[in-house]
Amino acid sequence: MFLHILGRDLKRKRTMNLIVLVFIILSSMFLASSLNNVVTILNGTDYFLDKAGVGDYIVATMGYQTRGCLDEFLDDNPAIKSYTLEDYYGISGENIRVNGKKVKTASNGFVEVPKADNFQFFDTENRLITEVPEGKAYYSVKSLKEFGISKGDTVTITIGETKIEVEIIGAMKDGLLGSGNMTQYRFLVNQKEFDEFEKDESVRDYYFGQVCNIFTDDVKTIKSEVSEISGIGFDAERSIIAVTYVMNMILAMIVLIVSVAFILVSFLVLKFTIRFTIQEEYREIGVMKAIGMSNFRIRSFYIVKYLGMAVIGAILGFFLSIPFGSLLLRTVSATMVLGNDLGILMNLIGSVLVVFLIVGHAYLCTSRIRKSTPVDAIRQGQSGERFGKKGGIRLGNNPFGTILYLSINDITSSPKRFFTIIATFAICSLMTAIIANTTKTMVSRQMTELMSVKLTDLYIIDVGAIMKNGIYDTGEGDIPYMEHLREELKEEGIEADLCYEKIYKYQIRYNGNEESVAVLQGIGTEMTDYVYLSGTAPQSENEVAISLHYEKKLDLHIGDEFVMIFPDREERVMITAVFQSFMQGGECIRIHQDVKTDASHFSSANAYQVDLKEPTPENLEKSRDVIVRETGIDEANILNSRDFAIRLMGVLDVMKSVELMLVVITLIVVMLITILMERSFISDEKAQIAMMKAIGFKNGSIIGWHVMRFGIVAFLSVLIAMILAIPLSQLIIAPVFGIMGTEKVVIETDILKSFAVYPLLVFAVTALFTWIAATHTRTIHANDTANIE
Amino acid sequence: MSAILEVKDLCKTYIVNKRQNNVLKNVNFSIERGEMVAIMGPSGSGKSTLLYSVSGMDRPTGGSVLFDGREISKLTENELSEVRLNKMGFIFQQMYMMKNLTILDNIVLPAIQSKKSSEKKKAKMERGLALMRKLGIEDVADNDINEVSGGQLQRACICRSMINDPDIIFADEPTGALNKASSQEVIGELVRLNREGTTIMMVTHDAKVASRCSKVFYIVDGNIKGQYNLGKEEDHEAVAGKRERDLMNWLMEQGW
């Protein structure tokens, strides 16, 4: 009998049960995919670096003459557990032609052969690339757009007199160089093509290099020993490599925030669904009580019903959560292999959780069965006793039309029910605003400041000159380069200052410890040209500023002193200021411009900078022409401060895709929830709708009432979202930037998107889909008053 | 007197599980202005279908329904809504009301929605209250619909059906869900309304209720089998028993 009643119930209330089931599927899908994504993102970089075989310390040498320079260090070093060494050829844009055409890039790259026991590379489907066929090549996925390379293109790499021609067979994910922050790219080729370069001594001498991938438990010792080896072009511990993915992780964190928001939405939707449907069943509960069924029996009826629906919904949601989760992560994982060792277990946990939540909620909601009398239940849980008059605006004296009054009255009469809907839509609206504000922040002037450079009008990314002047000319070439440009600009009637930012690696000694640190030094700048969080700009050679991240990590604060170890001397310096920076993962110090440095410790630089006295559009245009003429670089490598920051971060395009994708997904969620909730309301209000039609309300008025009601709800939701957008963006997104040592970032507000475009979209989607769903009321007729229970 | 409702060859067919079910079969009758007509018949005979078809709440399959000389089966949905709003009143057995509105708001809802007169909202509210006063439910004006008794609720439904001063009120078993006392109160109000000039057509199972009408149609298997003219009830107390007995006898003859 019990099962018979259950079967009849499921059949008779088919629409509502179907809506509940769809809600459960959605909740299960959101919760399962979000839980998995949370774990994936929190483990993101480590998981990828492990998969890519990135060791604990990476050292790269440049030039054939440096071959063997690591031998002594690597042989029998007790601090090294294992290591691998692989050869590469360094190239720049000048060496490459795609389909016979020159490429526009300021970055340099590597040509290598994949080795089974070294770094691991993956194709875009996350399959391991074990070998490259002869005449073919893989290319770094992050730079596809920059180079305009696509599958099937022919790439010619010419170094000196040697030329190889390869066909691109796909894009490749690369642990070491894969992040947007790493400007280098990589070609994976077959050993045969690689050997062509090996045969040419002139090529070998200048372009050959080695990358050593070291596994160790004692990074500190390795770091210290490496700093004493000459000929090192690049060295970094794994944590620094991981930090280069911070921008990808910032994007992933945005997905994580959206995932958490979807978890909240799932809870709210479930709460709404269970309360809503059980409330509708109180009449039947009353009947069952009246005919003598025990509370336990009645409760178990509903719990079994919801358990059945929860299990079906959770299973379907579980299967849908796998592609949905991948969809959420797809854009941010374009350059990374994301995943977690738990696999789909987290999805499973999420779906099982949904079952528990539904059954638990159903159990709590039906607890009123015990307390209520049959009559109370028949009256839908209300005692019917009220001695005061209903307050507020009345139909007769309302200043609005009937439809608007009915809509407002419904919301004020069932505040709990509508609060759930408002909260759901507000979360969705907030997400869109937070995403827009993150993008806005990432393209703001603030980001240029966080790149630890002086704000100037133009940034010249002349990689060839940077390498030549910084390394081969023992660091002496920068000033003549800048002086030449300054003179050329002056000849064209443009007064300008030029400056340059160099990064060195030096050892420091502090509180009995030694540490190799990134040291920033400006050429042609003053210490007051930079932004500091606290303290005063260093004024002499024995004063330094320290990054916020380092201040915490090394426990060195303003007023503290430490020793800088230069090859020819040691200098005791005092910290006078703290700054925040994205450079080197936020771990760096800034030294005075007059401190004597040396090319052997030069690590990297990003751009020569031009600061015009009169930055008019004409002068800027003319300056670009002069720079192109004098340096021979492509104009695309002469950037303003905003584009410079964007180039360095390397994720803006991805961020825009992430923003678009998340906004679209959010709007789809809003659409689904709107349709399902509206259909729930129609199902609940069928009798009222039929009665309204019977007494002369037109279809248009009834649809208008429903659209107006959801319109008000959507309006309130976006209003709440707009009020909370600024403080919550700061509260949620600033810590994400803080991962990189820039927790004092002021999140900027994209006024147009946060306060106009996205709220309007949420509002419009809600209104449009309420209208579409509300047209179902046309199927309810006046004569249904005879049939509805 | 002129006919307010003329029904000719009215047919209504439903298709259930691919089977044609002819619920109304060429029904013909007319109702004069000011009449109070009861439709009686066994369960499933088509009483409610007839009521809904002639009131424009349902579309007949065939035949014609002239309401006040206008063919309502040809009207559009919106035109039908206008007719129902301004010229007809409805009382349902189930006492449907908007659950988020108070009793008074429910009563005046059709008036507020109607553009029939230029009357102010305040005046409409006062008229609603006056109707409630007339039916003795003024006290519950500000109550929610689940805070009143069934009798009070049905009287509220009567008030709502009267609020736009309709030409005719259709009632589908208006006392079906009420106890004896409440039934008497409700039917008393309908008779009073009829005396004031409102035409009433109701479906009922209750011979006592039907005996207060001026005319009774007996419907069997989708056809009007017979018509019994009781005439206007002048003095209820004096003639109630006789009218009911006469009607019962007639109903017995019809196979009741």
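Engineer: What is the right way to read the overall build of chain B from this model?
Structural biologist: Counting its secondary structure elements, chain B contains eight helices and 10 strands. Relative to its length of 256 residues, chain B is compact, with a C-alpha radius of gyration of 18 Å against a globular reference of 18 Å. With the C-alpha coordinates of chain B rotated into their principal frame, the extents come out at 50 × 45 × 40 Å. Burial analysis of chain B (256 residues in total) assigns 58% to the buried set. Here chain B displays about 10500 Å² of accessible surface, and carbon together with sulfur accounts for 46% of that area.

Engineer: In this structure, what is going on with the side chain of Asp784 of chain A? I would like to understand it.
Structural biologist: Residues and elements named next belong to chain A. Topologically, Asp784 is positioned in the segment after helix 27 (751–774). Summary of buried charges: Asp784 has no salt-bridge partner, and the nearest side chain of opposite charge, Lys686, is 5.4 Å away. A distance of 2.7 Å separates the side chain of Asp784 from the backbone nitrogen of His781, its partner in a polar contact. Residues within four places of Asp784 in sequence aside, it is in contact with Ala690 and Thr779.

Engineer: Could you clarify how one ought to interpret the packing of helix 17 (residues 415–442) of chain A against helix 26 (residues 699–738) of chain A in this entry?
Structural biologist: Packed helix pairs are characterised by how far apart their axes lie and by the angle those axes make with each other. Residue and element names in this part refer to chain A. As a packed pair, helix 17 and helix 26 sit with axes 5 Å apart at the nearest point and diverge in direction by 45 degrees. Viewed along their axes, helix 17 and helix 26 adopt a mutual orientation that is oblique. Every pair of crossing elements has a handedness; the one defined by helix 17 and helix 26 is right-handed. Of the residues in the contact of helix 17 with helix 26, the class split is 22 nonpolar, six polar and one charged.

Engineer: Looking at this model, I keep getting lost on unusual backbone geometry. Mind explaining?
Structural biologist: Generally, phi is negative for residues other than glycine and the peptide bonds are trans, each holding for most cases. All names here are of chain A. In this structure, Asn511 takes a positive phi of about 40 degrees despite not being glycine. In this structure, Asp555 is a non-glycine residue whose phi angle is positive, near 55 degrees. Residue placement: Asp555 occurs in the loop between helix 21 (548–554) and strand 19 (561–566).

Engineer: Mind showing me how you'd approach helix 26 of chain A here?
Structural biologist: For an α-helix, 3.6 residues make a turn, and residues three or four places apart therefore share a direction. With 40 residues, helix 26 of chain A should reach 58 Å at 1.5 Å per residue; the first-to-last C-alpha distance of 55 Å fits that figure. The largest bend in helix 26 of chain A comes to about 50 degrees, at Ala725 of chain A, with the proline Pro727 of chain A one to four residues further on.

Engineer: I'm lost on the sheet that holds strand 8 (residues 199–203) of chain B in this one. Help?
Structural biologist: Pairing between the strands of a sheet is mediated by backbone hydrogen bonds and can be parallel or antiparallel. Residue and element names in this part refer to chain B. One open sheet holds the six strands; their spatial order is 6-7-8-3-9-10, and the pairing between them is mixed. Pairing within the sheet leaves two strands with one partner each, and these edge strands are strand 6 (88–91) and strand 10 (223–229). Averaged over all pairs of adjacent strands, the angle between their axes in this sheet comes to 15 degrees, without regard to strand direction. Inspection of the sheet shows strand 3 (residues 36–40) paired to strand 9 (residues 215–220) by four bridges, in the parallel sense. When the sheet's bridge partners are listed, Ile39 is paired in strand 9 with Phe217. With respect to the sheet, helix 2 (residues 77–87) is in contact with strand 6 and strand 7 (168–172), its orientation differing from that of strand 6 by roughly 80 degrees.

Engineer: Can you help me understand the pairing of strand 22 (residues 602–612) of chain A in this one?
Structural biologist: On any regular strand, side chains alternate: one points to one face of the sheet, the next to the other face. The pairing of strand 14 (residues 458–460) of chain A with strand 22 of chain A spans three bridges and is classified as antiparallel. In the strand pairing of strand 22 of chain A, Ile460 of chain A is matched with Tyr608 of chain A.

Engineer: How should the interface of chain A and chain B be read in this particular structure?
Structural biologist: Interfaces are frequently sized by the accessible area removed from exposure as the parts join. Facing 38 residues of chain A, the contacting portion of chain B comprises 35 residues. With both chains or domains summed, chain A and chain B bury close to 3500 Å², and 51% of this area falls on carbon and sulfur atoms. For Lys698 of chain A, the salt bridge is made with Glu82 of chain B, and the minimal N-O distance between the two is 2.5 Å. At the surface where chain A touches chain B, the tally comes to seven residue pairs in polar contact (both at pLDDT 80 or more). When contributions to the side of chain A that touches chain B are tallied by element, the ones reaching two or more residues are helix 16 (402–413), helix 25 (686–694) and helix 26 of chain A. Here the side of chain A that touches chain B is built from residues that sort into 14 nonpolar, 14 polar and 10 charged.

Engineer: Explanation requested: empty space enclosed by the protein in the structure shown.
Structural biologist: Regions of empty space are outlined by a rolling probe, equal in size to a water molecule, passed over the atoms. Residues and elements named next belong to chain A. As enumerated under the stated definition, the model contains seven cavities of 30 Å³ or more in all. As a volume, the largest cavity reaches approximately 90 Å³. Along the wall of the largest cavity there are 13 residues; nearest its centre are Lys223, Glu237, Ile240, Lys505 and Ser516. The set of elements that each furnish at least two residues to the lining of the largest cavity consists of strand 13 (232–237) and strand 16 (513–523).

Engineer: Where do I start with the pattern of salt bridges in this structure?
Structural biologist: Close approach of charged atoms allows side chains with opposite charge to pair. Residue and element names in this part refer to chain A. One pass over the structure, following the stated rule, counts 44 salt bridges over all chains. As a salt-bridge pair, Asp684 and Arg417 come within 3.6 Å of each other at their nearest N and O atoms. Of this pair, Asp684 sits in helix 24 (residues 652–684) while Arg417 sits in helix 17, and the two are 267 residues apart along the sequence. With respect to burial, Asp684 and Arg417 carry one shared label: buried.

Engineer: Where do I start with the sheet that holds strand 4 (residues 62–67) of chain B in this structure?
Structural biologist: All names here are of chain B. Reading across from one edge, 2-1-4-5 is the order of the four strands in this open sheet, with antiparallel pairing throughout. Strands with a single pairing partner mark the edges of an open sheet, and in this sheet they are strand 2 (19–32) and strand 5 (70–71). Pairing of strand 1 (residues 3–16) with strand 2 involves 10 bridges; the strand directions are antiparallel. Within strand 2, the residue paired with Val7 across the bridge is Phe29. Contacting strand 1, strand 2 and strand 4, helix 1 (residues 47–54) runs over the sheet at an angle of about 120 degrees to strand 1.

Engineer: What's the story with the packing of aromatic side chains in this structure? I'm lost.
Structural biologist: We describe a pair of aromatic rings using the distance from one ring centre to the other and the angle between the two ring planes. Inspection of the entire model under this criterion finds 22 aromatic pairs over all chains. When the ring of Tyr506 of chain A is compared with that of Phe566 of chain A, the centres are 4.8 Å apart and the planes differ by 65 degrees; the resulting orientation is edge-to-face. With a gap of 60 residues between them, Tyr506 of chain A in strand 15 (residues 496–510) and Phe566 of chain A in strand 19 connect regions that are remote in the sequence. According to the relative accessible area criterion, Tyr506 of chain A is buried, its value standing at 1%. With 5.6 Å between their ring centres and 25 degrees between their planes, Phe90 of chain B and Phe170 of chain B make a pair best called stacked. Remark: Phe170 of chain B occurs in strand 7 and Phe90 of chain B occurs in strand 6; sequence separation between them is 80 residues. Across the pair, Phe170 of chain B and Phe90 of chain B agree in class, each one buried. Counting every residue linked through ring pairs, the aromatic cluster contains Phe23, Phe272, Phe418, Phe681 and Phe710 of chain A.

Engineer: Explanation requested: the state of the cysteines in the structure shown.
Structural biologist: Note: disulfide means a covalent bond formed between the sulfur atoms of two cysteine side chains. Counted by the stated rule, this structure contains zero disulfides over all chains. In this model Cys588 of chain A remains outside any disulfide bridge; the closest cysteine sulfur is found in Cys499 of chain A, 17 Å from its own.

Engineer: So what exactly am I meant to see when it comes to the packing of helix 2 (residues 14–42) of chain A against helix 10 (residues 246–280) of chain A here?
Structural biologist: Residues and elements named next belong to chain A. Following both chains from N to C, one finds helix 2 and helix 10 inclined at 155 degrees, their axes separated by 8 Å at the closest point. Between helix 2 and helix 10, the crossing angle belongs to the class labelled roughly antiparallel. Every pair of crossing elements has a handedness; the one defined by helix 2 and helix 10 is left-handed. For the contact of helix 2 with helix 10, a count of residues per class yields 24 nonpolar, seven polar and no charged.

Engineer: What is the right way to look at the environment of Gly325 of chain A in this model?
Structural biologist: All names here are of chain A. Position of Gly325 relative to the elements: it lies in helix 12 (residues 295–330). Residue class for Gly325 comes out buried when judged on its relative accessible area of 5%. For the pair Gly325 and Ser34, spaced 291 residues apart in sequence, the C-alpha to C-alpha distance is 6.8 Å. Once residues lying within four places of it in the same chain are set aside, the contact partners of Gly325 are Ser33 and Asn37.

Engineer: Got a minute to help me understand the nonpolar core in this structure?
Structural biologist: The tendency in soluble globular proteins is for nonpolar side chains to be buried as a group. In this structure, Phe262, Tyr306, Ile421, Leu662 and Phe737 of chain A are the most contacted members of the largest nonpolar core, which totals 158 residues. With 23 residues, helix 10 of chain A is the single largest residue contributor to this core. Of all hydrophobic cores here, the second largest spans 100 residues; its members include Leu75, Leu193, Met202 and Val203 of chain B.

Engineer: Any chance you could explain the confidence of the model for chain B here in plain terms?
Structural biologist: A low pLDDT means the predicted coordinates there should not be read in detail. Summarising the model, chain B shows a mean pLDDT of 87, and 97% of its residues fall at 70 or more. For this predicted complex, the interface confidence reaches an ipTM of 0.77, while the overall pTM sits at 0.75.

Engineer: Whenever I open this one, a nonpolar patch on the surface confuses me. Can you help?
Structural biologist: Where nonpolar side chains cluster on the molecular surface, the patch consists of Leu307, Val311, Ile315, Phe319, Ile322 and Ile344 of chain A and spans about 510 Å² of accessible area. Along the chain, Leu307 of chain A falls in helix 12.

Engineer: Even after reading the chapter, I still don't get the pairing of strand 9 of chain B, so can you show me in this structure?
Structural biologist: All names here are of chain B. Along strand 9, five of the six residues are buried, which leaves the element largely enclosed by surrounding structure. Bridge count for strand 9 against strand 10 is six bridges, and the pairing is antiparallel. The residue of strand 10 that forms the bridge with Lys215 is Asn229. The antiparallel pairing of strand 9 with strand 10 creates a hairpin that spans two residues between the two strands, and Asp221 there sits at a positive phi of about 50 degrees.

Engineer: How should I be thinking about the side chain of Asp598 of chain A in this particular structure?
Structural biologist: Residue and element names in this part refer to chain A. Within the secondary structure layout, Asp598 lies in the loop between strand 21 (588–591) and strand 22. Buried and without a salt bridge, Asp598 has Arg569 as its closest oppositely charged side chain, separated by 6.4 Å. Apart from residues lying up to four places away in sequence, Asp598 is in contact with Tyr504, Tyr506 and Pro567.

Cut-offs and rules
Residues numbered from 1 in each chain as written. Chains lettered and ligands numbered in written order. Predicted model: local features only at pLDDT ≥ 70, side-chain atom pairs only at ≥ 80, totals over all residues. Heavy atoms only, no water. Helix = DSSP H or I, 4+ residues; strand = E, 2+ residues; numbered from the N terminus. Rg over C-alpha atoms; globule rule 2.2 N^0.38 Å. Buried < 20%, exposed > 50% of the residue type's maximum accessible area, 1.4 Å probe, protein only. Areas by Shrake-Rupley, 256 points an atom, 1.4 Å probe, with all protein chains shown as cover. Lys, Arg positive; Asp, Glu negative; His and termini not counted. Salt bridge = Lys/Arg side-chain N within 4 Å of Asp/Glu carboxyl O. Polar contact = N/O pair within 3.5 Å; in protein donor to acceptor, adjacent residues only side chain to side chain. Contact = heavy atoms within 4.5 Å. Axes fitted to C-alpha atoms, helices over the stretch in contact; angles between N-to-C directions. Parallel < 35°, antiparallel > 145°, perpendicular 65-115°, else oblique. Left-handed = near helix turned anticlockwise from the far one by under 90°. Nonpolar A, V, L, I, M, F, W, Y, C, P; charged D, E, K, R; others polar. Expected span 1.5 Å × (residues − 1). Bend = angle between axes of the 7 residues up to and from the residue. Pairing = 2+ DSSP bridges. Buried area = accessible area lost by both parts, 1.4 Å probe. 1 Å grid on protein atoms, 1.4 Å probe; cavity = no way out; pocket = protein on both sides within 12 Å on 5 of 7 lines; lining within 4 Å. Points joined across faces, edges and corners; volume = space filled by probe spheres on them. Phe/Tyr/Trp six-rings, centres within 6.5 Å; stacked < 30°, edge-to-face > 60°. Disulfide = S-S within 2.5 Å. Core = buried A, V, L, I, M, F, W, Y, C linked by side-chain atoms within 4.5 Å. pLDDT = per-residue confidence, 0-100. Patch = residues over 30% accessible without salt bridge, like charges linked within 9 Å, V, L, I, M, F, W, Y side chains within 5 Å.

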